[in-house]
Every structure is written in C-alpha cells, then in structure tokens.
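So you can see what is in the structure, the chains are spelled out below.
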Amino acid sequence: MSKTDYDAVVVGSGPNGLAAAITLQRAGLSVLLMEGRQTIGGGLRSAELTLPGFTHDICSAVHPLAAGSPFFGTLPLQEHGLEYLYPAVAAAHPLDDGSAALLAGSVEDVAAGLGRDEKAYNDLMGPIVRDWPLLAPEILGPLCFPEHPLVLARFGLKGLTASTVLARRFETAAARALLAGMAAHSIQPLSNLATSAFALVLMAMGHVRGWPVPRRGSVAIADALASYFMSMGGKIETGVYVRSLSQLPSSRAVLFDLTPRQLLQLGGHRWSSLYQWQLERYRYGMGVFKIDWALDERIPFTAVGCREAGTVHIGGTLEEIVDGEAMTAAGGYPDRPFVLLAQQSIVDPSRAPQGKHTAWAYCHVPNGSVQDRAEVIERQVERFAPGFRERILARHVFNTAELEEYNPNYVGGDINGGMIDIGQLFTRPALRWSPYRTSEKGMYICSSATPPGGGVHGMCGYHAARRAMKDIFF
Ligand SMILES: Cc1cc2nc3c(=O)[nH]c(=O)nc-3n(C[C@H](O)[C@H](O)[C@H](O)COP(=O)(O)OP(=O)(O)OC[C@H]3O[C@@H](n4cnc5c(N)ncnc54)[C@H](O)[C@@H]3O)c2cc1C
C-alpha cells in the first residue's frame, strides 16, 4: 500500500469534526483536522461580542446534549478543563398570568408543579427516563439494528407523533406550553410528525442530566476536545478553507464536517450522479435571528422560577407557539415569535463583570431572511419581564446571512445542518445503507447533516468515524 501523509483528514472542527478526529486518533490512526477559520470549534465558540468583559456564545449556549452524549461521556474532558455549571432550573416557560412551568429536578418534581396534569406528566415521562440508559444510544445514532427494539418502539409510539397531538394528553395551559416550547427546538411546524421526539428527549435530559452551560462559555467544550485530541498526537491546522479536494494532503480517509451544499461545491465531480442528485434534493429548514445582550442586571422576569432558569422559552401558550412556528415556516413573520433565551451568567460569573449579566436569544425566521427581529424579540422578553429593556447596556445581532457567512454550514441560517422532519430524520443526508458514506470510497460526511442531527453531542462524528474505521482500517 502506498504511504500517505495521514491515515485520515477531517475537514471542519465543529463538535462532530472533533468527535470524528478523536475517535480515529484514539484508535491509533494519524489524523489531521483542518479548519477554515482561525480558531477551532464550529458552533462552539465564545467571544466578547458586545462590550469588553462580556463573553457571549456565538452559536450554541446550553448543553444537555453534550452533557448527556454517550460518546463525550467516554472522554476525559474534565481533565482537559471542561466544567459544566447547572442552573437550579433547567428550563422555564412563563405565561401571561405571571406563573411559569418549570423543568427542574425529577419527573415527580415537575409533575407536582403541573396541578391537574401531575399524573399525565408522570405517565408520559416516567417510562422514558427509566429507559434512558438504553434509549440514549439508540436515539443518538443511525437507525439500523437497534439493540433494544422494544424500548425504542415504546419511545417511538410517543416520539413519532406530532407535538400538537401529544399535547392533548395535558389539560393545563402550563403543561401544554411546556411541551410546545420543548418541541419548538425542532425548528419546524409543531403539527409535523416526530416533533414530539424533540420535546421528549430534551425533557428526559433535563431529568437525567440537567441543562448545563460550560464555565467560560461553549468554547470550553471545543478547547477540551481539542486538548484531548492533541494530547494523543492529533494535528490541527486552522485558517485553511478547503475549497477543492486538491488542497487536502494525502490520506486513506477524508471526513467532512460539512453539509450537502458544501459537499456539492467541493467535490461535485467526484460524486456519482445518483449521490449528487440526492444531495441536490437535501432540504434546509427555517433560519434563526440571533441576539446577544450585555445587561446591567439579571432579567427581571415576573415569574420567580424564570430568574433561576438557564433557559427560558418565551412564547406564551401552545396555540400561540404553534401558530407562530407555522407562520414562520410558511415564510411569514409573527408579531409574537417563539423566543429561546439563555442566561448563562446566572451560574457562570466569568461571563460578565461583577454584578453584570449576559443573555442570548434567538427566534426562528424564514430560511435566508435578513429581516431585523431585535425589536420583536425584545418586546417578547419585556412581556414576561417588564423593565428588561432598561437593563440593556449593549446588543449584538446576527441575521441568517451573517450566520452563514460566519459558518457556511448554517445554510440560510439553518442551525441544524438541514431540516430534521420525518422525511429526513432517518435518511439524512441521503438514503443509503450507511448515511455517513459518500459515493466515493474513503470519503465520508460526519456533520449534523447526518444522524442523529443538530446539536452539540458529537454523535454524528463518532458514528461516521466508526464507519470509516470498519470500511478502511480495521
Ligand atoms: C445560534 C445557534 C444556537 C445554537 N444553540 C445550540 C444550543 O444551545 N445547544 C446545542 O446543542 N446546539 C446548538 N446549536 C447547534 C449546534 O451548534 C450545531 O448543531 C453543531 O455545532 C453542529 O456541529 P457540526 O460539527 O456538525 O458543525 P459546525 O459546528 O457547524 O462546524 C463546522 C466547522 O467546519 C468549518 N468549515 C466549514 N466549511 C469549511 C471548509 N470548506 N473548510 C474548512 N472548514 C470549514 C466551519 O468553520 C466550522 O468550524 C446552535 C447553533 C447556532 C448557530
């Protein structure tokens, strides 16, 4: 066999690129990780976006998926500087009457706060949380031969329904709104099949692990992953945007932490006509409009539980969120959009000067939108936290075009690497025996455009690297 520069090259250093590189390097292979920007991390970077001394998460902020990742759980990330900080309340959902539904503590704790829906919540979440150790590896991987088919089927009966249907199990506005806020992480109309799965997974992770933020910012996850990778002899090159396959050093395998759009640009001539056709039909979903604030004080939420919550789902009732998401998916702009808000500094004082705070939020917008949504987002926060606006010292915004310019993986502002609806849930990025293989031998895709999809968990990278190892190396 001819000698190559490396056993494997990974293009892109997001959580999945890092996970793929670590998996290969840990198996004794030599790996080069190439990143287009000057710093590594993809969706895991933090920076002073507003004022000196205020650290903001440029992309991801809250990490139930990282803390609960079966792959990250095998890595010594604490020894490499990662510390998760857990807010007392994982997520809160305020309502107009001044109350809030809270995801905090055990299934029984949350159920007890839901009044007439206590039994319904226990019945819904109890079995999922009990099955979680068996369920997590099944859900966070490709759909092939499940080791626990009955456990998966039990989850599927609930998870594959539309969240608007699952919500009928509840009577109270609070329980229905809590479910809707969780399901809205799917970034698609809540009447779509399988949107319940997003809600159930996020709520289960709230009970099993909590929803932490890393001390110093999300960048701390990338730093810990990179430090571990390099401690095993892995190499990283930054500031090299790969625009042609001819730029790559020689290797036996290449793994792309990129989405189908970039794969087409990069290697179109190399893909089979069927694979090219499949990639061209890959669908991207709604984008996000994102805002970061430097604040003089904590956000003065009326509902006390929201003040202790790392994440706050702002959007009122289930009906309001359902209508808003449907309108956005159809290309419109609701007056009262669903807003996902994080307040990292309430548990991590390193994010802001003493006594000051940071907050991070986004709402969904039509793919490719450049409309400024700062005013409507702030109005929504003010609705549940009167006096919020007076706390703002500075703000920084990203529309979808700016997000895509920052990271070409966010096509049209889609932060999940492509739509995760029922049509692409099991077949992203293309219907193939292994979703991680491209049509070219030795070339793989390892980004969030593969199963299990968006979020910081590294499972796409891990599974893609395992596929490459089985095919090429071992
Ligand atoms: C605003 C926002 C908020 C989010 N919030 C959360 C959250 O709170 N929790 C959560 O779990 N997830 C969140 N996410 C989603 C999460 O960040 C992504 O799902 C995750 O980062 C995807 O990881 P990845 O490794 O597949 O790709 P990415 O993280 O996108 O990394 C891809 C990397 O490849 C590089 N690259 C691209 N093209 C090239 C090229 N041609 N050559 C070389 N390098 C290249 C990019 O610069 C980037 O570093 C959020 C994302 C955004 C944008």
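Anything mentioned here points back to the structure above.
Residues numbered from 1 in each chain as written. Predicted model: local features only at pLDDT ≥ 70, side-chain atom pairs only at ≥ 80, totals over all residues. Heavy atoms only, no water.

A.B. asks: Just give me the short version of the packing of aromatic side chains, but keep the residues and values in it.
C.D. replies: We describe a pair of aromatic rings using the distance from one ring centre to the other and the angle between the two ring planes. Tallied over the entire structure, the rule returns 9 aromatic pairs. Consider the rings of Phe398 and Tyr406, whose centres lie 5.9 Å apart with planes at 50 degrees: the pair is tilted. Here the two residues Phe398 and Tyr406 agree in accessibility, since each one is buried. Between Phe473 and Phe474, the aromatic rings sit 6.5 Å apart at their centres with planes inclined by 50 degrees, giving tilted as the arrangement. A relative accessible area of 62% means that Phe474 is categorised as exposed. The rings of Phe71, Phe72 and Tyr462 are connected pair by pair, giving a single aromatic cluster. (Phe/Tyr/Trp six-rings, centres within 6.5 Å; stacked < 30°, edge-to-face > 60°. Buried < 20%, exposed > 50% of the residue type's maximum accessible area, 1.4 Å probe, protein only.)

A.B. asks: Now, about the site of the ligand: what can you tell me, with residues and values included?
C.D. replies: Taken together, 36 residues surround the ligand, and among them Glu35, Gly43, Asp257, Asn407 and Gly455 come closest. Contacts to the ligand include Gly14, whose backbone N or O atom sits 3.5 Å from an oxygen atom. Pro15 places a polar main-chain atom, nitrogen or oxygen, 3.3 Å from an oxygen atom of the ligand. Taken by itself the ligand offers 1,000 Å² of open surface, and the protein chains cover 96% of this. (Near = heavy atom within 4 Å. Polar contact = N/O pair within 3.5 Å; in protein donor to acceptor, adjacent residues only side chain to side chain. Areas by Shrake-Rupley, 256 points an atom, 1.4 Å probe, with all protein chains shown as cover.)

A.B. asks: Break down unusual backbone geometry for me, with residues and values.
C.D. replies: Arg428 connects to Pro429 through a cis peptide bond whose omega is -5 degrees. You can see Pro429 is positioned in the loop between helix H16 (422-425) and strand E16 (443-445). Here the bond from Pro451 into Pro452 is cis, since omega is 5 degrees, no more than 30 degrees from zero. Residue placement: Pro452 occurs in the loop between E16 and helix H17 (459-473). Phi at Ile187 takes a positive value of approximately 55 degrees, unusual for a residue other than glycine. Topologically, Ile187 is positioned in the loop between helix H7 (173-183) and helix H8 (195-208). Positive phi, close to 85 degrees, is recorded for Arg216, a residue that is not glycine. (Helix = DSSP H or I, 4+ residues; strand = E, 2+ residues; numbered from the N terminus.)

A.B. asks: Lay out the sheet that holds strand E6 (residues 89-94) in plain terms, naming residues and giving numbers.
C.D. replies: Taking strand neighbours across the sheet as the criterion, the 7 strands line up as E7-E6-E12-E13-E14-E11-E15 in an open arrangement whose pairing is mixed. Looking along the sheet, the strands with just one partner apiece sit at the ends: strand E7 (100-103) and strand E15 (392-398). Each strand of the sheet is rotated relative to its neighbour by a mean of 20 degrees, with strand direction disregarded. Here 9 bridges tie strand E11 (residues 287-295) to strand E14 (residues 357-365), and the two strands are oriented antiparallel to one another. (Pairing = 2+ DSSP bridges. Axes fitted to C-alpha atoms, helices over the stretch in contact; angles between N-to-C directions.)

A.B. asks: Please set out the pattern of salt bridges residue by residue, giving values where relevant.
C.D. replies: Per the counting criterion, the structure on display carries 25 salt bridges. Arg215 is the salt-bridge partner of Glu83, the closest N and O atoms lying 2.6 Å from each other. Separated by 132 residues along the polypeptide, Glu83 in the loop between helix H2 (64-67) and strand E5 (84-85) and Arg215 in the loop between strand E8 (213-214) and helix H9 (219-231) bring together distant segments of the chain. Between Asp292 and Lys290 there is a salt bridge, with the nearest N and O atoms lying 2.4 Å from each other. One exposure class covers both Asp292 and Lys290, and it is buried. Salt bridges sharing partners connect three or more residues here, namely Asp96, Glu320, Arg336 and Arg383. (Salt bridge = Lys/Arg side-chain N within 4 Å of Asp/Glu carboxyl O.)

A.B. asks: Give a detailed account of the sheet that holds E16, specifying residues and quantitative values.
C.D. replies: With parallel pairing, the 5 strands of this open sheet are ordered in space as E9-E2-E1-E10-E16. The open sheet has two free edges, formed respectively by strand E9 (235-237) and E16, since each of these has just one partner strand. On average, each strand axis in the sheet is tilted by 20 degrees relative to the strand beside it, whichever way the strands run. The strands touched by H9 within the sheet are strand E2 (31-34) and E9, with E9 carrying the most contacts at an inclination of about 125 degrees. (Contact = heavy atoms within 4.5 Å.)

A.B. asks: Break down the packing of helix H4 (residues 118-139) against helix H5 (residues 149-159) for me, with residues and values.
C.D. replies: Closest axis-to-axis distance for the H4/H5 pair is 9 Å, and the angle between their directions is 125 degrees. Relative to H5, the element H4 is oriented oblique. Pair H4 / H5 crosses with left-handed handedness. Touching Asp123, Leu124, Pro127, Ile128, Arg130, Asp131, Leu134, Leu135, Glu138 and Ile139 of H4 are Val151, Leu152, Arg154, Phe155 and Lys158, all from H5. For the contact of H4 with H5, a count of residues per class yields 9 nonpolar, no polar and 6 charged. (Parallel < 35°, antiparallel > 145°, perpendicular 65-115°, else oblique. Left-handed = near helix turned anticlockwise from the far one by under 90°. Nonpolar A, V, L, I, M, F, W, Y, C, P; charged D, E, K, R; others polar.)

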